[in-house]
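Structure assessment
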Amino acid sequence: MACVVSWNCRGFRTKVCHIKGLIFEVNPVCIALQETCLKPVDIAKIKRYSLLRKDNENESGRVSGGVALMVSHDTPSSVITLRTNLQAVAVRVTLSILVTVCTLYFPPSTNVNDGSRQINASIPKSGLGFPKNRKPWWNKHCTDTNRNQIKTWNVFRRHPASANQIAFQRAKGIARWARRESEREYWIKFVSNINSTVKTKDMWDNVGRACGIYPEKRVSCLRKNGQEVRNISEMDVLAEAFASIFSASNYTEPFLTHKNRTERIKLRFQTTKHLTILT
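Everything in this summary refers to the structure shown in the same document. (Residues numbered from 1 in each chain as written. Predicted model: local features only at pLDDT ≥ 70, side-chain atom pairs only at ≥ 80, totals over all residues. Heavy atoms only, no water.)

**Considering the pairing of strand 6 (residues 87–94)**
- Most of strand 6 is tucked away, with 8 of its 8 residues classed as buried.
- With burial as the criterion, each face of strand 6 is covered, one bearing Gln87, Val89, Val91 and Val93 and the other bearing Ala88, Ala90, Arg92 and Thr94.
- Hairpin connection between strand 5 (residues 77–80) and strand 6: a loop of 6 residues separates the two successive antiparallel strands.
- Hairpin connection from strand 6 to strand 7 (residues 98–105): 3 residues lie between these consecutive antiparallel strands. (Buried < 20%, exposed > 50% of the residue type's maximum accessible area, 1.4 Å probe, protein only. Helix = DSSP H or I, 4+ residues; strand = E, 2+ residues; numbered from the N terminus. Pairing = 2+ DSSP bridges.)

Written as structure tokens, this is what we have:
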């Protein structure tokens, strides 16, 4: 199971042994450190981990605070650029889904609420989540009745009158009936279509989806020889991946036959115009 650790170490160089012991015990995917107290010229390395840091040194050369993120080389990750002056760094790591990990340090003089708003605004947002899986029997009528139930609930919540309560209970009952009726019709149709030609796996997959059980969605990673690629600085990895995807071995037999036959036809270009060739 993936493990992420956060620790206010109060000095990175004096806690290197403790950090190595922590890695040996729990093997975390990511370690978030605060108050690292490192100068920009200081070298900080831990074997099998990459280090992303932000140091805090004043004009007189005195260091205070500072943050760092240590990410295991066994986990694909990417750095997130934060547009803020706060002491904060962030990375995006690939677990079963994409996860953003951010570490930050607020000096005692910083207002925590203001700092939290700043850091939340500085982290770029994107639709990284997977879309919600609807049950196959959910239809437009279910959506409309559910939306009406939420609407009447909001009215009753703001204005708790008897008439609004009755309207909400009525909308709730209609939405419940719509879901049950749609689910009932789906199961009747599903069972009536089961015959000897239906594969057992397909049947149970459909049963699972009808019950809201879907296989776990994982983020696709670039692999080589069965291992996830952590460093793609060598372009041959990407070249091999693209070559494998677009290889002729992935074509169907009829298409491959048509392709080979068509490519043997010689192309003849006949024209009476003189065209300029751009070089």
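There is more to say after this.
**Quick notes on the sheet that holds strand 1 (residues 4–8)**
- Taken together, 4 strands build an open sheet; the order of strands is 1-2-4-3 and the sheet is mixed. The open sheet is flanked by strand 1 and strand 3 (49–54), the only strands paired with a single partner. Strand-to-strand twist across the sheet, computed as the mean angle between neighbouring axes with direction ignored, equals 15°.
- For strand 3 and strand 4 (residues 67–72), the ladder comprises 6 bridges, and the chain directions are antiparallel. Of the residues in strand 4, the one forming a bridge with tyrosine 49 is serine 72. (Axes fitted to C-alpha atoms, helices over the stretch in contact; angles between N-to-C directions.)

**A closer look at the sheet that holds strand 7**
- Read across the sheet, 3 strands follow the order 5-6-7 without closing on themselves; strand pairing throughout is antiparallel. Strand pairing shows two members of the sheet lacking a second neighbour, strand 5 and strand 7, which therefore form its edges. Averaged over all pairs of adjacent strands, the angle between their axes in this sheet comes to 25°, without regard to strand direction.
- Bridging between strand 6 and strand 7 involves 8 bridges; their strand directions are antiparallel. Bridge assignment links valine 91 to a residue of strand 7, and that residue is valine 101.

**Regarding the nonpolar core**
- Residues Cys9, Phe12, Ile19, Ile23, Ile31, Leu33, Leu38, Ala44, Ile46, Tyr49, Ala68 and Met70 constitute the largest nonpolar core, which totals 12 residues.
- Counting only elements with at least two residues in this core, the list comes to helix 1 (16–26), strand 2 (30–34) and strand 4.
- Setting aside its immediate chain neighbours within four residues, leucine 33 contacts Trp7, Cys9, Phe12, Ile19, Gly66, Val67, Ala68, Met70 and Thr103.
- Listed in part, the 11 residues of the second largest apolar core include Val29, Val67, Leu69 and Val101. (Core = buried A, V, L, I, M, F, W, Y, C linked by side-chain atoms within 4.5 Å. Contact = heavy atoms within 4.5 Å.)

**Here we look at the packing of aromatic side chains**
- This structure, assessed with the given rule, holds 7 aromatic pairs.
- A ring pair is formed by tryptophan 153 and phenylalanine 156, whose centres lie 6.0 Å apart and whose planes are at 55°; its orientation type is tilted. With tryptophan 153 and phenylalanine 156 both in helix 3 (residues 140–158) and 3 residues apart, this pair spans about one turn of that helix.
- Measuring from ring centre to ring centre gives 5.2 Å for tryptophan 153 and phenylalanine 168, while their planes differ by 50°; the resulting arrangement is tilted. With a gap of 15 residues between them, tryptophan 153 in helix 3 and phenylalanine 168 in helix 4 (residues 162–192) connect regions that are remote in the sequence. (Phe/Tyr/Trp six-rings, centres within 6.5 Å; stacked < 30°, edge-to-face > 60°.)

**A look at the state of the cysteines**
- Per the counting criterion, the structure on display carries 0 disulfides.
- No disulfide involves cysteine 9; its sulfur sits 7.3 Å from that of cysteine 37, the nearest cysteine.
- Overall, the relative accessible area of 1% leaves cysteine 9 in the buried class. (Disulfide = S-S within 2.5 Å.)

**What to know about unusual backbone geometry**
- Of note in the backbone geometry, asparagine 27 takes a positive phi value of approximately 50° without being a glycine.
- Counting through the fold element by element, asparagine 27 comes out in the loop between helix 1 and strand 2.
- The exposure class of asparagine 27 is partly exposed, given its relative accessible area of 43%.
- Here the phi dihedral of glutamate 35 falls at roughly 55°; this positive angle occurs in a residue that is not glycine.
- Relative to the helices and strands, glutamate 35 is located in the loop between strand 2 and strand 3.
- Overall, glutamate 35 belongs to the buried group, its relative accessible area being 17%.

**Description of the packing of helix 4 against helix 5 (residues 200–210)**
- Here helix 4 crosses helix 5 at 175°, and the two axes come no closer than 12 Å. On the basis of the axis angle, helix 4 is roughly antiparallel to helix 5. For the pair helix 4 and helix 5, contact is made by Tyr186, Trp187 and Phe190 and by Met203, Asn206, Val207 and Ala210, respectively.
- Residue composition of the contact of helix 4 with helix 5, by class: 6 nonpolar, 1 polar and no charged. (Parallel < 35°, antiparallel > 145°, perpendicular 65-115°, else oblique. Nonpolar A, V, L, I, M, F, W, Y, C, P; charged D, E, K, R; others polar.)

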